[in-house]
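# Observations on the model geometry
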Amino acid sequence: MDEKKKVILRLENICQSYVVQNGVKDAVENVSLEIYDNEFLVILGPGHCGKTVLMNMIAGLEKPVGGKIFLDGEEIHGSDRRIGMVFQSMNLMPWRTVMGNVEFGLELAGVKKAERRAVAQKYIDLVGLTGFENSYPHELSGGMKQRVGIARAYTNNPQILLMDEPFGALDAQTRYAMEEEVLRIWEQEKRTIIFVTNNIEEAVYLADRIVLLSNCPATVKQVYDLSGLPKPRNMTDPAFLKIRSEVSANTDLAL
Amino acid sequence: MKKNNEMLSAAEIREKRLGVLYKILPVISVLLLVALWLAASSSGTGFPSPIQVWDRTVQLFVKPVKKLSLIGHVGVSLRRIGLALLFDWTFGIAFGVLIGWFPRAKAFFGPLFNAFRAIPPLAWIPLITLWFGIGEFPKVLIVIFGSLASIVVNVQAGMSNVEKMYLDVGTVFNATPRQRLLKIAFPSALDAIFAGVRTSTSAAWMVVLAAEMLGANAGVGFLISRGMDSLDMPLVLTGMVAIGVVGAILAIVTQFAERMICPWTRRKKSY
Ligand SMILES: Nc1ncnc2c1ncn2[C@@H]1O[C@H](COP(=O)(O)OP(=O)(O)OP(=O)(O)O)[C@@H](O)[C@H]1O
Ligand SMILES: [Mg+2]
């Protein structure tokens, strides 16, 4: 095995279920995965299958009822500074400006003002929000807000970046632009990215590997290796369309 | 480019027109009130006309009551609520944060606080007079009793309804409990806290006047009870107008302070 394939994150039999009115609801069942350093892994699953639940467990926002998570070979319990997250609902703080939101993680980590400003500015520039540092979130469009969310996650320099359907709420045009943007940023600032989506085209466009999840409760249905398809990809390329229809045929319909 | 300019100026015209409209509307309502007042006082029931009230107000500056002009009496009342609000906005906010953020503190203090809230401030007057006699301190205390609950309730509501999504951001960044409180929960509750600041200010202004009417020798409330005792209706109305004007100014000042301190709550104008 070459060094490019170093495992950075390993999920071992992750399960999650909730007590609900009429019994117990399983959301994630026995998910085991190995995620390699610096890869762009896309987790593709139908709506409500348990994708957010899975991300929340990796980020430490909820504890799995069963299974273990290993980061760099060590088991982790709860949140870890080496894992960052871009939220599905953006979660920007309305009382902070763009700069205030982006530097939030460093502020919590106790980094001095001048230093964290410089780092935050770098990522604000990287996501293309130069000039909007002093705007408040309510003054931004949906796509701009999600850029702030991405910059905020990068600023803390995590090894692994979880992106939970970051573009789900955007219109198609903005979505294409943001997908290109995310690839550009990923090429420029190599990290391990775990990107969640329910959009097959988006998955095939972005992924080094696609992990296809089943309907709720989420289990790993299949893993596709797309490293043979060079990036940037063309959505009308026959090879692209071939893998796209292959994945599509295998995907469960959302309930 | 030219077209763009034209569009911009159309938008500016709309903005200006709206601005003028919003300035005129309150003036019209005040004029209407004065007209109604004139009509009501012309029927000869002893209800003083605006002119009489104006004369009485001017006279109050020439011949002060208890050595204080109208401004002086307003000042005395304002000082009382100022001291009370100082306490509300420190202790009251701290207590609201305590019972809003820490469920155990809420379980412990909640029932007592709810019982305290139910007692009208004026009901405390006998006990407070018994303990502290008559003077400045007992009056300030009554104002505190009458305005504390409104800030505590608002702060508590804000602190116990902090959105989970903001706290999740803190969790991902490994925030300490202290950071969760000071950097996430407290700022997210700031608009609720300001609602508390506004309601406590107006509550304090109401209570101080009631307390002054029951026994004081200065303050706007005292002016009104003096007017009532000496059958001086214009004086009563002077007091009432002063209360209204000062109350409105207080509301504007707190609103302005909120806009300065919480600029993100400044929403776009709706047309
Ligand atoms: N705290 C909870 N209590 C009970 N059920 C939950 C809880 N969290 C999630 N679920 C359930 O688990 C399932 C998966 O939810 P999840 O939010 O992970 O879906 P998702 O795949 O992210 O969907 P979407 O594409 O809409 O974001 C849903 O059926 C949901 O109702
Ligand atoms: Mg989701």
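Criteria and cut-off values
- Position numbers for residues count from 1 along each chain, tracking the sequence in the order it is written.
- Starting at A for chains and at 1 for ligands, labels are handed out in the order in which the entities are written.
- Where totals are concerned, whole chains, interfaces and linings use all residues; where local detail is concerned, this predicted model gives features only for residues with pLDDT of at least 70, and gives and counts side-chain atom pairs only at 80 or more.
- The side-chain numbers reported here are obtained from all heavy atoms of the structure, hydrogens and water having been left aside.
- Secondary structure elements are taken from DSSP: a helix is a run of H or I of four residues or more, a strand is a run of E of two residues or more, and numbering for both begins at the N terminus.
- Two strands pair under a simple rule: DSSP has to find at least two bridges between them.
- Only nitrogen, oxygen and sulfur atoms qualify as donors, provided they sit within 2.8 Å of the metal or within 3.2 Å for Na, K and Ca; with water excluded from the atoms, sites may seem incomplete.
- Each residue's exposure class comes from its accessible area (1.4 Å probe, protein chains only) as a fraction of the maximum for that residue type: buried when under 20%, exposed when over 50%, partly exposed otherwise.
- Lines are fitted to the C-alpha atoms to define the axes, a helix being fitted only along its stretch in contact, and any angle between axes, read from their N-to-C directions, falls within 0 to 180 degrees.
- On a scale of 0 to 100, pLDDT captures the predictor's confidence in every residue.
- Boundary definitions for the domains trace back to an automatic or database domain assignment.
- Should an angle fall under 35 degrees it is taken as roughly parallel, and over 145 as roughly antiparallel, whereas 65 to 115 is taken as roughly perpendicular and any remaining angle as oblique.
- Whether a crossing is left-handed or right-handed is set by the direction in which the near helix is turned from the far one by less than a right angle, anticlockwise for left-handed and clockwise for right-handed.
- Contacts between residues were defined by any pair of non-hydrogen atoms, one from each residue, lying within 4.5 Å.
- Gly is placed with the polar residues, together with every amino acid not listed as nonpolar (Ala, Val, Leu, Ile, Met, Phe, Trp, Tyr, Cys and Pro) or charged (Asp, Glu, Lys and Arg).
- Definition of nonpolar core: a set of buried residues of the types Ala, Val, Leu, Ile, Met, Phe, Trp, Tyr and Cys, connected through side-chain atoms within 4.5 Å.
- Criterion for a salt bridge: a side-chain nitrogen of Lys or Arg within 4 Å of a carboxyl oxygen of Asp or Glu.
- For this purpose, a residue is taken to be near a molecule or strand whenever a single non-hydrogen atom of the residue falls within 4 Å of it.
- Whenever a nitrogen or oxygen atom comes within 3.5 Å of another N or O atom, the pair is scored as a polar contact, on the condition that within protein one atom can donate a hydrogen and the other can accept it, and that pairs from neighbouring residues in sequence are kept only if both atoms are in side chains.
- Ring geometry is summarised as follows: Phe, Tyr and Trp rings, the Trp one being its six-membered ring, pair when their centres sit within 6.5 Å, and such pairs are stacked at plane angles under 30 degrees, edge-to-face over 60 and tilted between the two.
- Any Lys NZ or Arg CZ found within 6 Å of a ring centre and within 35 degrees of that ring's normal is scored as a charge over the ring.

### Quick look at the environment of Ser49(B)
- As for its position among the elements, Ser49(B) is in the loop between helix H1 (2–41) and helix H2 (50–62).
- Spatially, the C-alpha atoms of Ser49(B) and Pro234(B) are 8.2 Å apart, while their sequence positions differ by 185 residues.

### Description of the pairing of strand S4 (residues 66–71) of chain A
Residues and elements named next belong to chain A.
- Of the strand pairs in this sheet, strand S1 (residues 7–20) and S4 are connected by five bridges, and their pairing is antiparallel. Counterpart to Cys15 in the pairing with S4 is Gly66.
- Taken together, the two bridges between S4 and strand S5 (residues 74–75) define a ladder with antiparallel strand orientation. Across the sheet, residue Leu71 finds its bridge partner in S5, namely Glu74.

### A short note on the coordination of the magnesium ion (ligand 2)
Residue and element names in this part refer to chain A.
- For the magnesium ion (ligand 2), every protein donor is listed as Thr52 (OG1) and Gln88 (OE1), and the spread of their distances is 1.8 to 2.3 Å. Residue Thr52 is located in helix H1 (residues 51–59), and its partner Gln88 is located in the loop between strand S6 (83–86) and helix H2 (98–102); the two are separated by 36 residues in the primary sequence.
- Owing to a relative accessible area of 35%, Gln88 belongs among the partly exposed residues under this scheme.

### Re the sheet that holds strand S10 (residues 220–225) of chain A
All names here are of chain A.
- Spatially, the six strands line up as an open sheet ordered S6-S7-S8-S3-S9-S10, and their pairing is mixed. Strands at the two margins of the open sheet, each flanked by one partner only, are S6 and S10. Geometrically, the sheet is characterised by an average inter-axis angle of 20 degrees between neighbouring strands, direction not taken into account.
- As paired strands, strand S3 (residues 40–44) and strand S8 (residues 192–197) are joined by five bridges and run parallel to one another. Note on S8: the bridge partner recorded for Ile43 is Val196.

### A closer look at the confidence of the model for chain A
- For chain A, the mean per-residue pLDDT works out to 92, and 98% of the residues sit at or above 70.
- Within chain A, the lowest mean pLDDT, 89, falls on helix H6 (residues 172–188) of chain A, and the highest, 97, falls on H2(A).

### A word on the domain arrangement of chain B
- On domain assignment, one finds that chain B holds domain 1 (5–47) and domain 2 (54–265).
- Between domain 1 of chain B and domain 2 of chain B, the C-alpha centre-to-centre distance is 30 Å.

### Describing the packing of helix H4 (residues 103–118) of chain B against helix H6 (residues 136–160) of chain B
Residue and element names in this part refer to chain B.
- Close contact between H4 and H6 brings their axes to 11 Å; oriented N to C, the two are set at 140 degrees. Classified by the angle their axes make, H4 and H6 are oblique. Between H4 and H6 lies a crossing whose hand is left-handed. For the pair H4 and H6, contact is made by Lys106, Phe113, Phe116 and Arg117 and by Phe145, Ala149, Val152, Val153 and Gln156, respectively.
- Classifying every residue of the contact of H4 with H6 by side-chain character gives six nonpolar, one polar and two charged.

### Brief notes about the nonpolar core
- Leu9(A), Leu11(A), Ile43(A), Leu54(A), Met55(A), Leu162(A) and Ile194(A) are the most contacted members of the largest nonpolar core, which totals 98 residues.
- Tallying contributions element by element places H6(B) first for this core, with 11 residues.
- With residues up to four places along the chain from it excluded, the contact list for Leu9(A) reads Leu33(A), Glu34(A), Ile35(A), Ile58(A), Ile69(A), Phe70(A), Leu71(A), Ile160(A) and Ile194(A).
- With 48 residues, the next largest nonpolar core counts Val98(A), Leu126(A), Met163(A) and Met178(A) among its residues.

### A closer look at the pattern of salt bridges
- For the structure shown, the criterion picks out 25 salt bridges over all chains.
- A salt bridge links Glu107(A) to Arg116(A); its shortest N-O distance comes to 3.9 Å. Of the two residues, Glu107(A) and Arg116(A), both sit in the buried class.
- Where Glu136(B) meets Arg79(B), a salt bridge forms, and the shortest distance between an N and an O atom there is 3.9 Å. In this pair, Glu136(B) is assigned in helix H6 and Arg79(B) in helix H3 (residues 70–101), connecting sequence segments 57 residues apart.
- One network of salt bridges, in which partners are shared, links Arg96(A), Glu103(A), Glu107(A), Arg116(A), Arg117(A) and Lys183(B).

### Observations concerning the site of ligand 1
All names here are of chain A.
- In the vicinity of ligand 1, 13 residues are found, and the nearest of them are His48, Lys51, Thr52, Val53 and Glu165.
- Between an oxygen atom of ligand 1 and a main-chain N or O atom of Cys49, the distance comes to 3.1 Å.
- One of the backbone N or O atoms of Val53 is found 2.9 Å from an oxygen atom in ligand 1.
- Listing elements by their share of the shell around ligand 1, those giving two or more residues are S1, strand S2 (23–36) and H1.
- Here the shell around ligand 1 takes three residues from H1, the largest share from any one element.
- Its residues placed into classes, the shell around ligand 1 shows five nonpolar, five polar and three charged.

### Considering the sheet that holds S2(A)
Residues and elements named next belong to chain A.
- As summarised here, the arrangement of the four strands in space is S2-S1-S4-S5, forming an open sheet in which the pairing is antiparallel. Pairing within the sheet leaves two strands with one partner each, and these edge strands are S2 and S5.
- Contacts between H1 and the sheet are confined to S1, S2 and S4, with S1 contributing the most and set at about 120 degrees to the helix.

### Topic: the confidence of the model for chain B
Residue and element names in this part refer to chain B.
- Per-residue confidence for chain B averages 88 on the pLDDT scale, and 95% of its residues sit at or above 70.
- By mean pLDDT, the top-scoring element of chain B is helix H8 (residues 177–188) (96), and the lowest-scoring one is H1 (82).
- Note on the complex model: pTM 0.85, ipTM 0.91.

### Quick notes on the packing of aromatic side chains
- Under the definition given, this model contains 17 aromatic pairs over all chains.
- On the numbers, 5.5 Å between centres and 85 degrees between planes, the contact of Phe116(B) with Phe145(B) is edge-to-face. Placement of the pair is Phe116(B) in helix H4 and Phe145(B) in helix H6, with a sequence separation of 29 residues.
- Here a set of aromatic residues connected by ring pairs shows up, and it is made of Phe87(B), Phe91(B), Phe95(B), Phe108(B), Phe109(B) and Phe113(B).
- Positioned above the aromatic ring of Phe70(A), the side-chain terminus of Arg10(A) is 4.6 Å from the ring centre.
- Of note, Lys190(A) hangs over the ring of Trp186(A), and the distance from its end group to the ring centre comes to 3.7 Å.

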